[in-house]
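Each chain, written out:
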Amino acid sequence: MAIVVLGSLNVDFVVEASRFPCAGETVLGRRFTRHPGGKGANQAVAAARLRAHVSFFGKVGDDLFGEELLRSLRENGVNVEAVERERGSSSGIASIWVTENGQNAIVYIPGANAAVDPAYVDSMFPQLVAAKVLLLQLEVPVEAIAYLLRRLPPNPPLVILDPAPAQDISNLPLERVDIITPNRGELTALTREEGVGEAARKLLAFGVGQVVCKAGAEGAYLIGRDNFRRFPAFPVEPVDTTAAGDAFNGALAVALAEGQSIEDAIRFANAAGALAAIRQGAQPSLPTRREVEALLRKADQAR
Ligand code: RIB
């Protein structure tokens, strides 16, 4: 098993408007759409579209949305044999507002994702530990993630943690996280530090191997114990940045699983993130391998 994702599946209800409403205000919207999403499922689809072998672990509700979410993963070639249906539970839901400059705001209701627990981790452990790269996020309970990290042997698998949505991670054994990938907002929320360098060094002090900060139009930062480097973004006009971070994580995992250097992997991931930002929706926006390679070639030719 090359890439394993343990995480969330959500149905995204997306409302597009010129701007976010203020409290108590009504604004005229432009469009409403519904897409398969969830940070875990998005990262699995992102990796599969980049031609990796991907297996997904998580839970859906016993509603109609559950089947829809699984279908999207299957259609993208993701193995979903281990996904369980949580009886009496609804599937995860995200209500997403997108403005005309591509910004988004999300309210997330976990539903069946909240039922991912240590017992599920135990039942799936042989498959989880067989991964080359393990992708984790925080839309499933942090207790389940902490439990898994404590049970894992030292590398392999290589563990990439997306600390999103940002929350208290003080109980996570961060010394078992090889790469943590917060965006700028999450980095500040996790560390209460504004500067990328200071904030990242706090995470390194908690034992994380390396910090890769996703910084949108600024690109991405790589911070290790002896290095600090910024990788410029691919210039694009964002339409909807939903899942751009998930595209980045999926691509990072694929490149590292293929044996690329961390520097090349971040460039590959930046390209995937940029392409996801120029299309609407979560899973519908995730680029193929051919598209990412074409963008990388174009950038090389322009050098
Ligand atoms: O990262 C984007 C995802 O976060 C969306 O697909 C939505 O489900 C939210 O949870």
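That block above? That's the structure.
Residues numbered from 1 in each chain as written. Predicted model: local features only at pLDDT ≥ 70, side-chain atom pairs only at ≥ 80, totals over all residues. Heavy atoms only, no water.

### As for the overall build of the chain
In plain terms, the rule: Secondary structure elements follow DSSP: runs of H or I no shorter than four residues count as helices, runs of E no shorter than two count as strands, and numbering proceeds from the N terminus. The globule rule used for comparison is 2.2 Å times the number of residues to the exponent 0.38, while the radius of gyration itself is calculated over C-alpha atoms. The buried label goes to any residue with under 20% of its type's maximum accessible area, the exposed label to any with over 50%, and the partly exposed label to all in between, with areas taken from a 1.4 Å probe on protein chains only. Residue contacts are defined here by distance: any two heavy atoms, one from each residue, within 4.5 Å place the two residues in contact. Computed by Shrake-Rupley with a 1.4 Å probe, the accessible areas treat only the displayed protein chains as cover when residues are assessed. When charges are counted, neither His nor the chain ends are considered; positive counts come from Lys and Arg and negative counts from Asp and Glu. Lys charges are placed at NZ, Arg charges at CZ, Asp charges at CG and Glu charges at CD.
From N to C terminus, the chain includes 9 helices and 14 strands. A compact globule built from 303 residues should have a C-alpha radius of gyration of about 19 Å, and the chain, at 18 Å, falls within 12% of that. Projected onto the principal axes, the alpha-carbon positions of the chain cover approximately 50 × 50 × 40 Å. Each of the 303 residues in the chain was classed as buried or not, and the buried ones make up 54%. Pairs at least 24 apart in sequence give 66% of the contacts found in the chain among residues at least 6 apart. A total accessible area of about 13,100 Å² is found for the chain, and carbon and sulfur atoms account for 52% of it. Both charge centroids of the chain, one from 31 positive and one from 35 negative side chains, sit 4 Å from each other.

### Some words on the pairing of strand β9 (residues 133-136)
Short version of the rule: Note on pairing: two strands pair once DSSP finds at least 2 bridges between them. For the handedness criterion, the strands are oriented away from the viewer, and a crossover whose path from the first strand over the helix to the second runs clockwise is classed as right-handed.
Along β9, one buried face is formed by V133 and L135 and the opposite face, lined by L134 and L136, is buried too. Strand direction decides the pairing type here: strand β1 (residues 3-6) and β9, joined by 4 bridges, are parallel. Looking at β9, one finds that V5 is bridged to L135. Of the strand pairs in this sheet, β9 and strand β10 (residues 158-161) are connected by 4 bridges, and their pairing is parallel. Its bridge partner lying in β10, L136 is registered against L161. Viewed along the sheet, the connection from β9 through helix α4 (residues 142-151) into β10 turns out right-handed.

### Remarks on the pattern of salt bridges
Side chains bearing opposite charge may pair, as long as their charged atoms lie close to each other. The line we're drawing: Every case where a carboxyl oxygen of Asp or Glu lies within 4 Å of a side-chain nitrogen of Lys or Arg is listed as a salt bridge.
One pass over the full model with this rule turns up 18 salt bridges. With its nearest N and O atoms 2.9 Å apart, the salt bridge here joins E16 to R31. Of this pair, E16 sits in strand β2 (residues 10-17) while R31 is found in strand β3 (residues 29-37), placing the two residues 15 residues apart along the sequence. Judged by its relative accessible area of 8%, E16 falls in the buried class. The partly exposed category is assigned to R31, whose relative accessible area is 44%. Note that E193 and K202 form a salt bridge whose closest N and O atoms lie 3.6 Å from each other. On the basis of relative accessibility, which here comes to 26%, the residue E193 falls in the partly exposed class. Its relative accessible area of 32% is what places K202 among the partly exposed residues. When salt bridges with common partners are traced through the structure, they connect E16, R30, R31 and E100 into a single cluster.

### Some details on helix α5 (residues 184-191)
Put simply, the rule reads: Within 3.5 Å is the distance limit for a polar contact, defined as a pair of N or O atoms, with the added protein rule that one can donate a hydrogen and the other accept it, and that residues adjacent in sequence qualify only through two side-chain atoms.
Taken together, the buried positions of α5 are E186, L187, T188, L190 and T191. At the N-terminal end of α5, a side-chain oxygen is found 3.1 Å from the backbone nitrogen of G185, two or three residues along, and the residue is N183. Following α5 by one or two positions, R192 adopts a phi angle in the positive range, close to 60°.

### What about the site of the ligand?
Operational definition: Note on terminology: near, applied to a residue and a molecule or strand, indicates that one of the residue's heavy atoms is within 4 Å of it. Residues are called lining when one of their atoms sits within 4 Å of a cavity or pocket point, these points coming from a 1 Å grid over the protein atoms alone, where a cavity is a set in which a 1.4 Å probe fits but cannot get out and a pocket is an open set with protein on both sides within 12 Å along at least five of seven lines. The way we define it, a molecule is inside a pocket or cavity when more than half of its atoms are within 2 Å of that pocket's grid points. Under this grouping Gly is polar, as are all residues other than the nonpolar Ala, Val, Leu, Ile, Met, Phe, Trp, Tyr, Cys and Pro and the charged Asp, Glu, Lys and Arg.
Surveying the vicinity of the ligand reveals 14 residues, the closest of which are N10, D12, G38, E139 and D246. Separating an oxygen atom of the ligand from a side-chain N or O atom of N10 is a distance of 2.9 Å. Note that an oxygen atom of the ligand is positioned 2.9 Å from one of the backbone N or O atoms of G38. With respect to the pocket detection grid, the ligand is positioned in the largest pocket. Of all the secondary-structure elements, those providing two or more residues to the shell around the ligand are β2, α1 (39-49) and β7 (92-98). Its residues assigned to classes, the shell around the ligand comprises 5 nonpolar, 5 polar and 4 charged.

### A few points about the packing of aromatic side chains
The cut-off we apply is this: Working definition: rings of Phe, Tyr and Trp (its six-membered ring) pair if their centres are within 6.5 Å, and the pair is stacked with planes under 30 degrees apart, edge-to-face with planes over 60 apart, and tilted otherwise.
Tallying each qualifying case throughout the model produces 4 aromatic pairs. Here the aromatic rings of F13 and F32 are separated by 6.2 Å at their centres, their planes lie at 20°, and the arrangement is stacked. With a gap of 19 residues between them, F13 in strand β2 and F32 in strand β3 connect regions that are remote in the sequence. An angle of 35° between the planes, with centres 6.3 Å apart, marks the rings of F20 and W97 as tilted.

### With respect to the sheet that holds strand β8 (residues 104-109)
Note the cut-off: Only C-alpha atoms enter the line fits that serve as axes; for helices the fit covers just the stretch in contact. Angles between N-to-C directions range over 0 to 180 degrees.
Strand order across the open sheet formed by 4 strands is β3-β2-β7-β8, with mixed pairing between neighbours. A single partner strand is all that each edge strand has here, and the edge strands are β3 and β8. This sheet shows a mean twist of 15° between the axes of neighbouring strands, independent of strand direction. By the bridge criterion, 8 bridges tie β2 to β3 in an arrangement that is antiparallel. Bridged to V14 within β3 is T33.

Any link to function would need more than the numbers given here.
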